[in-house]
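Observations on the model geometry
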Amino acid sequence: PYDAPGEQKEIREFTLSWIVGELSLYSTAEANRYRFCAIVSRKVPDWAVCGELNEGLESIHCVLQTNNSMIIQKLRSGKRYFITLFVRDSLHGSTSSYETLEVNLRKNPEKNHMEVKKEEGKLLHDGVLETGTLPAKKAATIDYQFVVSSNATQSGKVLLIVHACDGYVRMSVYRNGKLLKRSEPFSGFRRFLVVNVRSGQLRFQIANDDPRTKSVHLWASTQAEKSPYPKLPEDTSVKVVRRSCSTATLQWLRSADEHAEYCIYMRRENANYLEELVSKVNNLCEGGLESSNLVGCYSHRGPTLEALLRDDSVGLIETTVVGLEPAKTYRFDLLATPLQRLHAQSLPYRTVWVRTGNSC
């Protein structure tokens, strides 16, 4: 083919592949219900958002649901293309799209070279806790893809939980290639709620905020109630209500979980200055308990609505730690874990330091 007399263009092909889990609805549905179709365009497409085809359409390619790749032919070297993969449900007449890929086909006299600007990233399954590691480089990223089928959510909401274990990260949320939210740097536990999600693809991008290695835990689902993390109160402080030369009485607000377990860890401190105590940062996903001793764990059943109406203090839990030494400083860490939850995870309350009385 020629664009103009005397100007010959190389014809290229591009292999497009995507991830389909072994237990996904596409692989287990009845035959010929779903079709994967790729739309090739020379302009930035709008149909990934609005579902309507506009100008700039080059070609459409479709395969059956048993495939997870296709070959797109008759692409020209030196041109830029936008490729959007759709999944069509012939039973309900609905469609959902993956994120649009921007593909540049560069001319190379020796070998074909294709540059794909966006990578598919890792697949984040609904309701499955994932662990990732960010390289020791500022702005290094990990991408996770979360696909929402047309019948996956009635509420139109997706809950994303990010637990940055050992330092600051940033989170960006994309829907069908469009940026929805970019967070400020944060560490520890953070929830993100994506609303008005009927179908399509979400991309969660985590970026390192400094040149140190980071580990992160991620969980996302259209069913927020299945979260493996406890529902901590807004005030996660642990208060010291009484202390003596050998005891410390601690008090905290319970979580909103119906069944939860609370574990207290203790460590005697030798530092003389508060800033030195606080600077001993540990892995936030493990509660910072590498050198602490377990005092005990307490199971608790949440109160009924009638009990809450009768007594405002029913949400408080109190315990006394005994056997402490006089005139010593102790660090106490409290971790809450929901019970009867698949792959339950713990979250810490605020650390509290207690100095016992000088003499008994």
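Read on for a plain summary of the structure. Keep in mind the model is a prediction, meaning the values are calculated, not measured.

Turning our attention to the sheet that holds strand β20 (residues 248-253). Hydrogen bonds along the backbone pair up the strands of a sheet, which may run parallel or antiparallel. Pairing within the open sheet is antiparallel, and its three strands lie in the order β19-β20-β23. Every other strand in the sheet has two partners, leaving β19 (239-243) and β23 (316-321) as the edge strands with one partner each. The sheet shows a mean angle of 25° between the axes of neighbouring strands, direction not considered. When β19 meets β20, the two strands line up antiparallel, connected through four bridges. Bridged to Arg243 within β20 is Ala248.

Here we take up the pattern of salt bridges. Using the criterion set out here, one finds 12 salt bridges in the structure. With a shortest N-O distance of 3.4 Å, Arg212 and Asp210 are connected by a salt bridge. Where salt bridges share partners, they join Glu30, Arg33 and Asp89 into one cluster.

What follows deals with the packing of aromatic side chains. On inspection of all chains with the given rule, the structure shows six aromatic pairs. Centroid distance Phe189 to Tyr229: 5.1 Å. Interplanar angle 55°. Geometry classified as tilted. Of the two residues, Phe189 sits in strand β16 (residues 186-194) while Tyr229 sits in the loop between β18 (214-221) and β19, which places them 40 residues apart along the sequence. A relative accessible area of 25% means that Phe189 is categorised as partly exposed. Classification of Tyr229 by relative accessible area gives buried; the value is 1%. Members of the aromatic cluster, each reached through a chain of ring pairs, are Trp252, Tyr262 and Tyr349. Looking at Arg42, its charged tip hangs above the ring of Tyr81, at a distance of 5.7 Å from the centre.

Bringing the side chain of Arg33 into the picture now. Mapped onto the secondary structure, Arg33 falls in the loop between α1 (25-28) and β4 (34-41). At 2.8 Å, the side chain of Arg33 forms a polar contact with the side chain of Asp89. Filtering out sequence-adjacent residues up to four positions away, Arg33 remains in contact with Gln65, Arg88, Asp89, Ser90, Leu91 and His92.

Rules of the game
Residues numbered from 1 in each chain as written. Predicted model: local features only at pLDDT ≥ 70, side-chain atom pairs only at ≥ 80, totals over all residues. Heavy atoms only, no water. Pairing = 2+ DSSP bridges. Helix = DSSP H or I, 4+ residues; strand = E, 2+ residues; numbered from the N terminus. Axes fitted to C-alpha atoms, helices over the stretch in contact; angles between N-to-C directions. Salt bridge = Lys/Arg side-chain N within 4 Å of Asp/Glu carboxyl O. Phe/Tyr/Trp six-rings, centres within 6.5 Å; stacked < 30°, edge-to-face > 60°. Buried < 20%, exposed > 50% of the residue type's maximum accessible area, 1.4 Å probe, protein only. Lys NZ or Arg CZ within 6 Å of the ring centre and 35° of its normal. Polar contact = N/O pair within 3.5 Å; in protein donor to acceptor, adjacent residues only side chain to side chain. Contact = heavy atoms within 4.5 Å.

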